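Spelled out, the chains give:
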Amino acid sequence: MVNLVEFGRIFLSYGLLLLIIVAVCAAAVFIGITLAKRKNAKKEAAMQEETGKQNRGNS
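Residues numbered from 1 in each chain as written. Predicted model: local features only at pLDDT ≥ 70, side-chain atom pairs only at ≥ 80, totals over all residues. Heavy atoms only, no water.

Details of the overall build of the protein
Part 1 of the argument: Within the protein one finds one helix and zero strands.
Part 2 of the argument: Taken over the C-alpha trace, the protein has a radius of gyration of 26 Å; the compact-globule value for 59 residues is 10 Å, which it surpasses by more than 25%.
Part 3 of the argument: Seen through its C-alpha atoms, the protein measures out along the principal axes to roughly 85 × 5 × 5 Å.
Part 4 of the argument: Taking all 59 residues of the protein together, the buried fraction comes to 0%.
Part 5 of the argument: Here the protein has roughly 5700 Å² of accessible surface; of this, 70% comes from carbon and sulfur atoms. (Helix = DSSP H or I, 4+ residues; strand = E, 2+ residues; numbered from the N terminus. Rg over C-alpha atoms; globule rule 2.2 N^0.38 Å. Buried < 20%, exposed > 50% of the residue type's maximum accessible area, 1.4 Å probe, protein only. Areas by Shrake-Rupley, 256 points an atom, 1.4 Å probe, with all protein chains shown as cover.)

See below:
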């Protein structure tokens, strides 16, 4: 009986560790996607601005 309780305690300990690792990974992926979208939007805005300057210069 003691071995079963010890097994359950260790199993729950590893389960909690797994949940913590998954939560950290999910947060990292969310932050990475957010930063990538922001970077792409900034790059797109700069590209649009540059295109607008070129078009005004050619007119």
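Topic: a nonpolar patch on the surface
Part 1 of the argument: A contiguous nonpolar patch, built from Met1, Leu4, Val5, Phe7, Phe11 and Leu12 and spanning about 770 Å² of accessible area, is present on the exposed surface.
Part 2 of the argument: As for its placement among the helices and strands, Leu4 is situated in helix H1 (residues 2–58). (Patch = residues over 30% accessible without salt bridge, like charges linked within 9 Å, V, L, I, M, F, W, Y side chains within 5 Å. Salt bridge = Lys/Arg side-chain N within 4 Å of Asp/Glu carboxyl O.)

Quick word on the environment of Ala23
Part 1 of the argument: Within the secondary structure, Ala23 sits in helix H1.
Part 2 of the argument: When its relative accessible area of 46% is taken as the criterion, Ala23 is described as partly exposed.
Part 3 of the argument: Along the chain, Ala23 and Ala45 lie 22 residues apart, while their C-alpha atoms are 33 Å from each other.

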